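Coordinates in review
For reference, the chains in residue letters:
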Amino acid sequence: MFVSQVIGTAMGCVISPCVFWIFYKAFPDLGMESSEYPAPFASVYYSMAKLGVEGFSALPKECLKLCYAFFAAAILINIIRDALGKKRSWFIPLSNGNGNTVLFGFQFRPLTCVLEA
């Protein structure tokens, strides 16, 4: 079972980028709003795949600095929350719970804050 998972993962890591590269070169506007076949989330996944193919040079100029700063802020907030104890820590929302809004949409954010309390 484990060997088949390793083989499948290795094939996915080799075949998927190759297939994306073929489509990327053949149809540069595939999934974009102006293309013949637009898709709602295609631009997000297209950007992630393009970043994987082109590397960090495809990101905007200060993007990595912002990522590092927000990562450090999340770690710092979690450390402060853990250090405060149970009496006062419930005032500080969980940073990983706040990250769910990226996946589920911004209408999920108020519900997350209410349920964390």
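Here the structure is shown first, and the text comes after it.
Residues numbered from 1 in each chain as written. Predicted model: local features only at pLDDT ≥ 70, side-chain atom pairs only at ≥ 80, totals over all residues. Heavy atoms only, no water.

**As for the overall build of the protein**
- Scanning the protein from terminus to terminus reveals 7 helices and 0 strands.
- Starting at the N terminus and walking to the C terminus, you meet the elements of the protein as α-α-α-α-α-α-α.
- Restricting to contacts in the protein with at least 6 residues of sequence separation, those with at least 24 account for 16%.
- Split by element, the accessible area of the protein, about 9700 Å² in all, is 72% carbon and sulfur. (Helix = DSSP H or I, 4+ residues; strand = E, 2+ residues; numbered from the N terminus. Contact = heavy atoms within 4.5 Å. Areas by Shrake-Rupley, 256 points an atom, 1.4 Å probe, with all protein chains shown as cover.)

**A short note on the pattern of salt bridges**
- Applying the stated criterion across every chain, the model contains 1 salt bridge.
- The salt bridge partner of lysine 65 is glutamate 62, with a shortest N-O separation of 3.4 Å.
- Glutamate 62 sits in the partly exposed class, given a relative accessible area of 38%. (Salt bridge = Lys/Arg side-chain N within 4 Å of Asp/Glu carboxyl O. Buried < 20%, exposed > 50% of the residue type's maximum accessible area, 1.4 Å probe, protein only.)

**Concerning helix α3 (residues 63-84)**
- The terminal C-alpha atoms of α3, which comprises 22 residues, lie 32 Å apart, in line with the 32 Å expected from a rise of 1.5 Å per residue.
- The first or second residue beyond α3 is glycine 85, which carries a positive phi of 90°. (Expected span 1.5 Å × (residues − 1).)

**What to know about the side chain of arginine 81**
- With respect to the element layout, arginine 81 can be found in helix α3.
- Despite its burial, arginine 81 remains without a salt bridge, the nearest opposite charge being carried by aspartate 82 at 5.2 Å.
- Once you skip the residues sitting within four places of it in the chain, arginine 81 turns out to touch Ser89, Trp90, Ile92, Pro93 and Leu94. (Lys, Arg positive; Asp, Glu negative; His and termini not counted.)

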